[in-house]
Amino acid sequence: MTWAYDPLQPSFDLHLHDAYKQLRTEQPVYFWEQAQTWLITRHADVMSVLRDRRFSSNQADWRHARPLPQELLDTPFMQLQRGSFLAGTDADHARLRRLVSPAF
């Protein structure tokens, strides 16, 4: 890959679709060092991960992950993530899904 994945750059939004297309083509499983996270960009791979109970979006479940750098934790994006229903427990997630699923 000849470019650096950095969605925190203001110009990233201008080329969002191109960036993810390039990831899907060149590195469908990509480790984003700054956020200490993996990006899975192909549909079949995403579905496989979503069905596998060993994976979790809740950082409290990550046994082997290094702590995130403080400068990343203090960003508005990460503050928003902490309040997300994806960061909750399985019980909280299920409860919120039951509440919102009739709308979908």
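Presented here is an overview of the structure given in this document.

Parameters at a glance
- Residues numbered from 1 in each chain as written.
- Predicted model: local features only at pLDDT ≥ 70, side-chain atom pairs only at ≥ 80, totals over all residues.
- Heavy atoms only, no water.
- Helix = DSSP H or I, 4+ residues; strand = E, 2+ residues; numbered from the N terminus.
- Buried < 20%, exposed > 50% of the residue type's maximum accessible area, 1.4 Å probe, protein only.
- Pairing = 2+ DSSP bridges.
- Core = buried A, V, L, I, M, F, W, Y, C linked by side-chain atoms within 4.5 Å.
- Contact = heavy atoms within 4.5 Å.
- Phe/Tyr/Trp six-rings, centres within 6.5 Å; stacked < 30°, edge-to-face > 60°.

**Overview of the overall build of the protein**
Then step 1. Secondary structure summary: the protein contains 5 helices and 2 strands in total.
Then step 2. Reading the protein from its N end, one meets helices and strands in the order α-β-β-α-α-α-α.
Then step 3. Overall, the C-alpha framework of the protein stretches about 45 × 35 × 30 Å when taken along its three principal axes.
Then step 4. Relative to its full complement of 104 residues, the protein shows a buried share of 17%.

**Overview of the pairing of strand β2 (residues 37-40)**
Then step 1. Here strand β1 (residues 29-32) pairs with β2 via 4 bridges, running antiparallel. Paired with valine 29 across the two strands is isoleucine 40, which belongs to β2.
Then step 2. Between the antiparallel neighbours β1 and β2 lie 4 residues, among them glutamine 36 with a positive phi of about 55°.

**What to know about the nonpolar core**
Then step 1. Tyr5, Phe12, Ala19, Leu23, Tyr30, Trp32, Ala35, Leu39, Leu68, Leu72 and Met78 form the largest nonpolar core, which has 11 residues in total.
Then step 2. Taken together, the elements giving at least two residues each to this core come down to α1 (16-26) and β1.

**Let's talk about the side chain of aspartate 6**
Then step 1. With respect to the element layout, aspartate 6 can be found in the segment before α1.
Then step 2. The residues touching aspartate 6, leaving out its near neighbours within four places in the chain, are Phe12 and Gln34.

**A look at the packing of aromatic side chains**
Then step 1. The full count for this structure, using the stated rule, is 6 aromatic pairs.
Then step 2. A ring pair is formed by tyrosine 5 and tryptophan 32, whose centres lie 5.4 Å apart and whose planes are at 85°; its orientation type is edge-to-face. Remark: tryptophan 32 occurs in strand β1 and tyrosine 5 occurs in the segment before α1; sequence separation between them is 27 residues.
Then step 3. Through pairs of rings, three or more aromatic residues link up here, namely Tyr5, Phe12, Tyr20, Tyr30 and Trp32.

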